[in-house]
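Each chain is listed here by its residues.
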Amino acid sequence: MGHSHGAHAPVEVGQRARTLLIGFLALVGVLAVAGMIWLWPTGAELDGSLTPVPESPGVTYEDATIREVTQGCESADMSPVEGAPCLTAHVVVDTGDDEGAEVAVELSGPQVHAGLKAGDSIELARFPTEDGFRFAFSGINRLPVIGVLLALLVVAVVAVARWRGLMALIALGIAAYVLLGFMLPAIIVGKPGMAVALAGSTVIMFIVLYVAHGVSVRTSAALAGTLLGLAVTTALGAVSVMAARLSGFADENEFDLGNLAPAINFQDLLMVGIIVGGLGVLNDVTITQASAVWELRAAAPHWSRTRVFTAGMRIGRDHIASTIYTIVFAYAGSALAVLLLLYFTTRAPLDLLGVEMFAGEAVRTLGSAIGLVLSVPITTGIAALTVGPAKEEAPARAEQPIAEN
C-alpha cells in the first residue's frame, strides 16, 4: 500500500488503484498536450484569418480629465429630449500634441447614465477635419478601478488561503494563457472546436488542480472525476446542439465576429462555451468530493469502501443542490437585461425557448448541470476505490475503574 500526504490526514491507498489512476491520467495528459501541439495555430494562420477593423486615417486617442459636466448640448441633433438627455463634459487633454488644452465633448446615450463627474478620467478620439481637428468621447478609463479590485482580490486570497491561495492565483494565470494564447486563436483560424476545447480544457484542469491543490493521489482522483465529467458534458453538449439545430448566432455580436473572422465555426464556438463554462464549477465539486472521501477514510479506517462511498454521496447530494443554484443564478445575474425583455412580449415564456438567444443559453446551462451532477458519483466512486481497503477494527479495551480521591 501507499500513502497520500499533504494538508489532509494521511490515508492508505491501494497500489493497483493508484497505478491505474496514474496510468489513465498520464495517457490523457499526453493526448491533450499532443492535441495542443497539433492544433496550435501559427502566426501566419492567425493573420490570414483576421479582418482588422479599419481605422479612420489620422485618428488618435488621448486621455483627458473632466473639469465640469453641464446639462445640454450645442449640437441640434443631440439636444436633450424626453428619455434621451445630453450632457457636455468640459475636459482638459492630458496626452498628445494638444496636452493642456480645454475642450468640450458631448455625452449622449449610455454615457449619460455612467455618472461621470469632475475629476474622472476619460478617453477622447481626435478626428482630423478640414478646419483642423475635433474631439469626441471614446470611453472611460476604468483601469484604475479594475486594478484596485484585482489587488484587493490578491490580498484577500493570500491573507485567507495563504500559500494555497497564491498557488491558485498562479494556476489561474497559466489557465488564462492557455485560453487566450491557444484556444481562442485556434477557434479563430477554424480548427476543430471540440478538439480545441477538450485539449485546452484538459491541460487547464491538470494545471489548476495540481498547482492549486498539490500533487497527490487525492488530487489525481479529483482530476480523473473532472475529466470524466468533462467528457459527459462534451457528449451531451454536442448531441444537444445538433438536436436543437443551434447555429451559434444568438445576437449581433456573432454576426460582427463572423465578418471579422470568417473561418470561425459558430456551432463549434457554442460547444467551446459549454465546455469552458462548466470547468470552474466542475472543478469545485470534484475536489470537494475527493477531499470528503479522504477525510471519511481517515476518520473511519474500518469502514468498507461501499460505506465510504455511501457517506460521500450524502455529502455530494448537498453539494449538488447548492451548486445547481449557483449555475442558474450565475446565468440569471449575467443576463438580467435579456430576462427583463420577457415582460415586454406577448408570447409565452416557453415559446421563447425556440429563439436561439434563449435556447443556446438553456442548452449551455442544462448541459453543464447534467455533467456536474454526474461528476459527483463518478468522482466519489473513483476516490472510494482509490483509498485502501477497510482495516480490522481494534478490539475495545476494557474500561478501567476511575479512582476516587
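Residues numbered from 1 in each chain as written. Predicted model: local features only at pLDDT ≥ 70, side-chain atom pairs only at ≥ 80, totals over all residues. Heavy atoms only, no water.

Q: Account for the UniProt feature "transmembrane region" (unreviewed entry) in the chain, with residues named and values stated.
A: Residues annotated in UniProt with the feature "transmembrane region" (unreviewed entry) correspond here to residues 20-40, 143-161, 168-188, 194-212, 224-244, 264-282, 323-345 and 365-387. Taken end to end, residues 224-244 is 95% helix and 0% strand, and its first and last C-alpha atoms sit 30 Å apart. (UniProt positions renumbered as here; feature names shortened; annotations may be inferred. Helix = DSSP H or I, 4+ residues; strand = E, 2+ residues; numbered from the N terminus.)

Q: Please provide a residue-by-residue account of the sheet that holds strand E6 (residues 121-129), values included.
A: Either a parallel or an antiparallel arrangement is found when strands of a sheet pair, and the pairing is made through backbone hydrogen bonds. Pairing in this open sheet of five strands is antiparallel, and the strands run E5-E4-E3-E6-E7 from one edge to the other. At either margin of the open sheet sits one strand with a lone partner, and together these are strand E5 (102-108) and strand E7 (132-140). Averaged over all pairs of adjacent strands, the angle between their axes in this sheet comes to 45 degrees, without regard to strand direction. The sheet contact formed by strand E3 (residues 60-71) and E6 spans six bridges and is antiparallel. Bridged to Tyr61 within E6 is Ala125. (Pairing = 2+ DSSP bridges. Axes fitted to C-alpha atoms, helices over the stretch in contact; angles between N-to-C directions.)

Q: Quick rundown of the side chain of Ser220? Include the residues and the values.
A: Along the polypeptide, Ser220 turns up in helix H5 (residues 217-243). In this structure the side chain of Ser220 is engaged in a polar contact, spanning 2.7 Å, whose partner is the side chain of Tyr210. Ignoring any residue separated from it by four or fewer positions in sequence, one finds Ser220 in contact with Leu21, Leu25 and Tyr210. (Polar contact = N/O pair within 3.5 Å; in protein donor to acceptor, adjacent residues only side chain to side chain. Contact = heavy atoms within 4.5 Å.)

Q: If you had to explain the packing of aromatic side chains to someone new, which residues and values would you point to?
A: Per the counting criterion, the structure on display carries four aromatic pairs. With centroids separated by 5.5 Å and ring planes inclined at 85 degrees, the aromatic side chains of Phe133 and Phe135 adopt a geometry described as edge-to-face. Among the residues examined, Phe133 registers a relative accessible area of 37% and is labelled partly exposed. Note on Phe135: relative accessible area 11%, which makes it buried. A ring pair is formed by Phe206 and Tyr210, whose centres lie 6.1 Å apart and whose planes are at 55 degrees; its orientation type is tilted. One end of the pair, Phe206, and the other, Tyr210, are both in helix H4 (residues 193-213), four residues apart, so they sit about a helical turn from each other. Members of the aromatic cluster, each reached through a chain of ring pairs, are Trp40, Tyr177 and Phe182. Directly above the ring of Phe133 sits Arg126, whose terminal nitrogen or CZ lies 4.0 Å from the centroid. (Phe/Tyr/Trp six-rings, centres within 6.5 Å; stacked < 30°, edge-to-face > 60°. Buried < 20%, exposed > 50% of the residue type's maximum accessible area, 1.4 Å probe, protein only. Lys NZ or Arg CZ within 6 Å of the ring centre and 35° of its normal.)

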